[in-house]
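Okay, here's what each chain looks like letter by letter:
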Amino acid sequence: MAKKNKTSDDYQQLSLLATENDGNPEAVDDDALGLVDSKIHSTTVAEEHSYRYFYPEQVPKYEEHLTPLNQQQIYVTPARSLNHSSILNTWKYANNNYHVEMEKTQKNIPSFGRAKEIAAESKFEFFVISQKELKLPKWIRLGKWMSKAEVTVEPLPKPKITEGIFICTHPLNPLDVMFTNQVISYDVVNMPPVSLIQNVKIRGQYYQFEGIQNLKIPVRIEYRFRR
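These numbers were taken from a predicted model, which means no experiment stands behind them.

**Student:** Before we go on, may I ask you to explain the pairing of strand 11 (residues 196-209) in this structure?
**Tutor:** The two faces of the sheet receive side chains in turn, since in a regular strand these alternate between them. Pairing between strand 9 (residues 159-168) and strand 11: ten bridges, direction antiparallel. By the bridge assignment, Thr162 is partnered in strand 11 with Tyr206. With six bridges joining them, strand 10 (residues 182-189) and strand 11 adopt antiparallel strand pairing. Residue Ser185 lies in a different strand from strand 11, and its bridge partner there is Lys201. What sits between the antiparallel neighbours strand 10 and strand 11 is a turn of six residues. Examined bridge by bridge, strand 11 and strand 12 (residues 212-218) share four bridges and lie antiparallel to one another.

**Student:** How should I be thinking about the confidence of the model for the protein in this particular structure?
**Tutor:** Do not read the fine detail of predicted coordinates wherever pLDDT is low. Averaged over every residue, the pLDDT of the protein is 80; residues scoring 70 or more account for 73%. Taken element by element, the predicted model of the protein shows its lowest mean pLDDT in strand 1 (residues 10-18) (56) and its highest in strand 11 (96).

**Student:** How should I be thinking about helix 1 (residues 62-71) in this particular structure?
**Tutor:** Think of an α-helix as 3.6 residues a turn; residues three or four steps apart then line up on the same face. His65, Leu66, Pro68, Leu69 and Asn70 are the residues of helix 1 that are buried. Where helix 1 terminates, the next one or two residues include Gln73, which has phi positive at roughly 55 degrees.

Cut-offs used in this document
- Residues numbered from 1 in each chain as written.
- Predicted model: local features only at pLDDT ≥ 70, side-chain atom pairs only at ≥ 80, totals over all residues.
- Heavy atoms only, no water.
- Pairing = 2+ DSSP bridges.
- Helix = DSSP H or I, 4+ residues; strand = E, 2+ residues; numbered from the N terminus.
- pLDDT = per-residue confidence, 0-100.
- Buried < 20%, exposed > 50% of the residue type's maximum accessible area, 1.4 Å probe, protein only.

The following block contains the structure:
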């Protein structure tokens, strides 16, 4: 896609290549991309919610962290698998020779058991919508184990805005579209604690791209935090 002026949206198609095992195939963290609490992207948050240098507790603060992205008109879609495989990994900290004595682990990180993980070389796709061109990192870390993944950016053609009934095959967060569009039907992607939707039939404005027939993304989409 040709670069546009700063008053136009910049659309980027991104893919993730997992280089280490990870947990969730559809989780893309805005913070992993360096978009949250960033001076570069003008998304800094209040000091009590900042964790650029230290994160004292594992409690999500979605509204505090994502509201600045709404203000800068930056949105990252959930990811979908282009190809992936899973492996089962059985482990116990006590069996590791390099294990050192530590306090009880935090609530969301088990100390023994069996985990189903996304295998290395798995690949996922997601989209970033922004008013400005964003420079994203080539390498990021995702998931509980902070697994390494490579980010490949592919600019999209200049979009055309159309209004009507359309089907978005890409997974969406239902909360982010249901108040600004008429959602007619969808398939549920079961993903506790919050499921996604895909193959969504929607009435509203959408972006379409020349030469990419099946890619249609809602125009009116932003992070929402309450029903």
